[in-house]
Amino acid sequence: MSNKLPDITAAPVAGQKISHEGKEYMTVKEGLAYILIPADASTTPQTTPQGDNQAQSVFYNPIQQFNRDLSVLAIKAYGEQVVERKKAQAERNQKKLKDKIREKKRKREHVAVEGDVSRKASKIDNGAGTAVMDIHDNAANSELKDHISDADVQARAEGDSHGVDHKDPPAETQAISAEATDPEQKSESSTRQPSFTILDALSATGLRALRYVHEIPFTTSVTANDLLPAATKTININVAHNKLEGKIKSVTGNAMTHMYNLAGDSGRDEKGRNTPTAKYDVIDLDPYGTAAPFLDAAVQSVRDDGGLLCVTCTDAGVWASNGYPEKAYSLYGGIPIKGLHSHEGGLRLILHAIATSAAKYGLAMEPLLSLSIDFYARVFVRIYKSAADVKFLAGKTMVLYNCDVGCGAWTTQMVARNKLAPNKSGKGHFWKHVFEAAPAASTNCSHCGMKTHMAGPMYAGPIHSPEFIRRILNGLPKVSKDTYQTTDRIEGMLNVALDETLPPEENLDSPTATSKTKRYDPAMTDPYPFFFIPSALSKVIHCVTPHENALRGAIRHLGYRVTRSHTKPGSIKTDAPWGVIWDIMREWVKQKAPIKDGAIRKGTAGWNIMRLDEQPKKEPIGDAPKGEEEANEAAKHSNIVFDETLGKETNTRRLVRYQVNPRENWGPMNRANGHG
């Protein structure tokens, strides 16, 4: 019995050993794709005793399966709408062209009839001699008509109106002519699949490219690019093993060079008409580290009619920490936030970098989904051409005054302002883009008196599209959990992301309001960014931490909204101002958790928050009237009720909202060494 291993032409099976060019490989399955890794490598890479990940000759990180599962589902949700739109547009264009050809044919026939009537009248007027000439003319005309083909007539209809043009007619005209005479071809043309192209710009093993072709049925082609020849060799092996040579094209080269080669393709001819474009419907940037160097090229090479940009940044130590502010500024154009809300700040820095890269070319950005996941960020944004929408960007870019050494409060300020103004007729409004007044805050925190620090500039608009998130969630029940093994976590995280948005009340005077335009409102900002964590507030004033339900109940009892953030467990996101939040905490101390004497040192943030320098007020004797300010203060405190029932979450479904560490020493791992 022979022990010879099969080669890559064998049907792929998980756990299968393959021999190729004298080397043994193990087949690993993820989703519906199969990749080959060296037979002696572990599918769950371990770390050395020092805690460093061992180098791999083929980079594969199973921890990122959540990222890849989510990407497939997000691109599928996006692509379904794009493909339907392309089909509808193709049908409209086809009908328009057919109507144009029919109209020109009708006019030609009308002109021919008029000419025939004129010649008959001429015969009667000029007598028999003229009639003989007309007989010869009619014979010549008949011969000419027999010589002119249908294609010549169509060519004349599309081009030369002064005579028969014997050049080949346009391809689209030929196709319509053929459809008119060939029912089978007509059926084939009407069901032709629209193109849907994806660039996996930093492909490594090609796993993403393989999954996109296998799992997104309307994908017509994927380009898998990598800088290393060893990587593209691996991609080609994996493509061959998956039998997808016709769908995936591998490219060896710099991703920026590849994308810049497409930047000049406008997709329009000299008359402004749409033409086939080489730009991609989707570009996926999943680098080792930051994606910042690739953003300028990516926004120019994705389709500008709403192309999808998928961006991963694994350098959370830069955009979500206070260790490298100069590095964060050089990469993302802003300073990160110091504090527990730093990961949401990091997402806004990345969105700021994408939006400003696109704005230089008259391109606007619509965030669809922005997530801080484990050790990285993953954002999905639409890029579209609109010089008018780009004008709103300065008015949705903010800086932050952050009390990071004191009570944790913050104040935001826009760098410009989008202002509604009535038009001259007085029947509507238009947007003006003006300077913003400054500063929005003093150098010291208004609540605790501690010094504040600046963060930003960063994106100040909504970071999610609720409609897009719902489309992904609606598709989850239809997918196989064997294929998408992280669906429980995807469902949990997307539900939190969906709930964390606290949209402001829509301004009905706005000409860009979604209710009027039925599309994304470029003027919309997020007036309630970031969140706090109750234990952090309790630490400032040295008291027992209130239960989340009690704190949420108190906020809701005062008429404010409360939700949570996907970036941190135990977070509270609300539209209540910081003054109200600290009023609630002071009342918590008074009602439920008195502070021990001497627990708070004089001059600290907690001392100032609790107003311990203020002299205790004497209680009024009998029914003596209270001052107006004192009465207002008493009324305000009487309204603070720690109602745990009111604070309970209404969504009682058991969801995996936050990740549990999957194994010891997990993380981004080391780069592949590029050999082997």
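Residues numbered from 1 in each chain as written. Predicted model: local features only at pLDDT ≥ 70, side-chain atom pairs only at ≥ 80, totals over all residues. Heavy atoms only, no water.

**What to know about the packing of aromatic side chains**
Part 1: With the rule as written, the count across this model stands at 9 aromatic pairs.
Part 2: Arranged with centres 5.7 Å apart and planes meeting at 80°, the rings of Trp-410 and Phe-530 form a pair that is edge-to-face. One end of the pair, Trp-410, is in strand 12 (residues 410-414); the other, Phe-530, is in the loop between helix 16 (514-517) and helix 17 (534-541), with 120 residues separating them in the sequence.
Part 3: With a relative accessible area of 15%, Trp-410 lands in the buried category.
Part 4: Considering the side-chain rings of Phe-532 and Trp-578, the 5.9 Å spacing of their centres and the 50° angle between planes classify their relative orientation as tilted. Of this pair, Phe-532 sits in the loop between helix 16 and helix 17 while Trp-578 sits in helix 19 (residues 578-591), and the two are 46 residues apart along the sequence. Taken individually, Phe-532 and Trp-578 each receive the classification buried, so the pair is uniform in this respect.
Part 5: Through a chain of ring-to-ring contacts, the aromatic side chains of Trp-410, Phe-530, Phe-532, Trp-578 and Trp-582 assemble into a single cluster.
Part 6: Positioned above the aromatic ring of Phe-66, the side-chain terminus of Arg-489 is 4.4 Å from the ring centre. (Phe/Tyr/Trp six-rings, centres within 6.5 Å; stacked < 30°, edge-to-face > 60°. Helix = DSSP H or I, 4+ residues; strand = E, 2+ residues; numbered from the N terminus. Buried < 20%, exposed > 50% of the residue type's maximum accessible area, 1.4 Å probe, protein only. Lys NZ or Arg CZ within 6 Å of the ring centre and 35° of its normal.)

**Quick notes on the sheet that holds strand 4 (residues 197-200)**
Part 1: Sheet architecture is open: 7 strands sit in the order 6-5-4-7-8-10-9, paired in mixed fashion. Strands with a single pairing partner mark the edges of an open sheet, and in this sheet they are strand 6 (248-252) and strand 9 (363-373). Each strand of the sheet is rotated relative to its neighbour by a mean of 15°, with strand direction disregarded.
Part 2: Inspection of the sheet shows strand 4 paired to strand 7 (residues 282-285) by 3 bridges, in the parallel sense. Considered in strand 7, the bridge of Leu-199 is made with Ile-283. (Pairing = 2+ DSSP bridges. Axes fitted to C-alpha atoms, helices over the stretch in contact; angles between N-to-C directions.)

**Structural notes on helix 14 (residues 466-475)**
Part 1: What helix 14 keeps buried is the set Phe-468, Ile-469, Ile-472 and Leu-473. Seen from one end, helix 14 has its buried residues packed into an arc of 135°, which puts them on one side. With respect to the buried face of helix 14, the exposed residues turned more than 90 degrees away are Glu-467 and Asn-474. (Arc of directions from axis to C-beta.)

**A look at the pairing of strand 2 (residues 23-30)**
Part 1: Looking at chain direction, strand 1 (residues 17-20) and strand 2 are connected through 4 bridges and run antiparallel. In the sheet register, Lys-17 faces strand 2, and the bridge partner there is Met-26.
Part 2: Here strand 1 folds back onto strand 2 in antiparallel fashion, the turn holding 2 residues, of which Glu-21 has a positive phi close to 50°.
Part 3: Bridge count for strand 2 against strand 3 (residues 33-38) is 6 bridges, and the pairing is antiparallel. Following the sheet pairing, Val-28 is matched in strand 3 by Ile-35.

**Quick look at the side chain of Asp-575**
Part 1: Following the sequence through the fold, Asp-575 ends up in the loop between strand 17 (573-574) and helix 19.
Part 2: Owing to a relative accessible area of 15%, Asp-575 belongs among the buried residues under this scheme.
Part 3: For Asp-575, the side chain forms a polar contact with the main-chain nitrogen of Arg-561, separated by 2.8 Å.
Part 4: Non-local contacts of Asp-575, meaning those with residues more than four positions away in its chain, are made with Leu-502, Tyr-528, Tyr-560 and Arg-561. (Polar contact = N/O pair within 3.5 Å; in protein donor to acceptor, adjacent residues only side chain to side chain. Contact = heavy atoms within 4.5 Å.)

**Points about the pattern of salt bridges**
Part 1: Summed over all chains, the structure comprises 29 salt bridges.
Part 2: For Asp-488, the salt bridge identified is with Lys-481, shortest N-O distance 2.9 Å.
Part 3: You can call Asp-488 partly exposed: its relative accessible area is 39%.
Part 4: Given a relative accessible area of 54%, Lys-481 falls into the exposed group. (Salt bridge = Lys/Arg side-chain N within 4 Å of Asp/Glu carboxyl O.)

**Thoughts on the side chain of Gln-16**
Part 1: Turning to its location among the elements, Gln-16 is positioned in the segment before strand 1.
Part 2: Reaching out from Gln-16, the side chain makes a polar contact with the backbone oxygen of Ala-11 at a distance of 3.3 Å.

**A look at helix 6 (residues 207-215)**
Given 3.6 residues per helical turn, the α-helix brings residues three or four places apart onto the same face.
Part 1: Extensive coverage of helix 6 is indicated by the burial of 8 of its 9 residues.
Part 2: Leu-207, Arg-208, Ala-209, Leu-210, Arg-211, Tyr-212, Val-213 and Glu-215 are the residues of helix 6 that are buried.

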